[in-house]
Amino acid sequence: MTVSNRQPDTPPTKRQEEGMATRRSVLGDDHVDRAEQSRTGFDAPFQDMIVDSAWSRVWSSDAITKRERSMLTLALLAAGGHWDEFEMHLKATANTGAQPEDVREVLLHVAIYAGVPAANHGFKLAKAHYRSIGVDLGEWETV
């Protein structure tokens, strides 16, 4: 792992190791490997900050479960209209334990507190994702 704010031959800190392990457990090795391969000197400080703050300090905390954290993240991303990140974290629900029923409840909550257009788009993306991985949404679509 290369971390730009230290010499390449300096070992990562415990926090960096913890953050990277959590990032991999949530997003998967393929995603993290792609992100690390596209890392440059320009964005390396930003990537380091994400690993240290988001993945180590926040996602590695056991104050709430990864399922709960995943649901909160989806709600916040939908509310902010951050659709690329929403899709990334929607895919990550396979690793966090958040189920389609959880995502539906998140988006219903988003509709009330952040607006129907955000929830509507979130439902569109979620339906496409679940169909792409073979989840039968038939019973959900008739409710």
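Here, the structure is the one placed above.
Let me sum up the structure you'll find in this document. (Residues numbered from 1 in each chain as written. Predicted model: local features only at pLDDT ≥ 70, side-chain atom pairs only at ≥ 80, totals over all residues. Heavy atoms only, no water.)

**Focus: the side chain of Q47**
Examined against the element boundaries, Q47 turns out to sit in helix α3 (residues 44-58). By relative accessible area, Q47 is classed as buried at 12%. In contact with Q47, not counting residues within four places along its chain, are R23 and R39. (Helix = DSSP H or I, 4+ residues; strand = E, 2+ residues; numbered from the N terminus. Buried < 20%, exposed > 50% of the residue type's maximum accessible area, 1.4 Å probe, protein only. Contact = heavy atoms within 4.5 Å.)

**Thoughts on the pattern of salt bridges**
Two side chains bearing opposite charge may form a pair once their charged atoms approach each other closely. Evaluation of the coordinates by the stated rule reveals nine salt bridges. In this structure, the salt-bridge partner of R39 is E36, at a minimum N-O distance of 3.6 Å. Judged on exposure class, the residue R39 and its partner E36 are both buried. In this structure, E105 engages R104 in a salt bridge whose closest nitrogen and oxygen atoms are separated by 3.5 Å. Among the ionic contacts, a cluster of salt bridges with common partners joins R23, E36, R39 and D48. (Salt bridge = Lys/Arg side-chain N within 4 Å of Asp/Glu carboxyl O.)

**Points about the environment of E68**
Examined against the element boundaries, E68 turns out to sit in helix α4 (residues 66-80). Taking the C-alpha atoms as reference, E68 lies 17 Å from A126; in sequence the two are 58 residues apart.

**Re the nonpolar core**
Counting 18 residues, the largest nonpolar core has F86, L90 and V103 as its most contacted members. For this core, the secondary structure elements donating two or more residues are α4, α5 (83-96), α6 (100-113) and α7 (116-132). With five residues, the top contributor of residues to this core is α7. Among all residues touching F86, those that are not within four sequence positions of it are L74, L77, A78, L107, G122 and L125. Listed in part, the nine residues of the second largest apolar core include V26, L27, V32 and W55. (Core = buried A, V, L, I, M, F, W, Y, C linked by side-chain atoms within 4.5 Å.)

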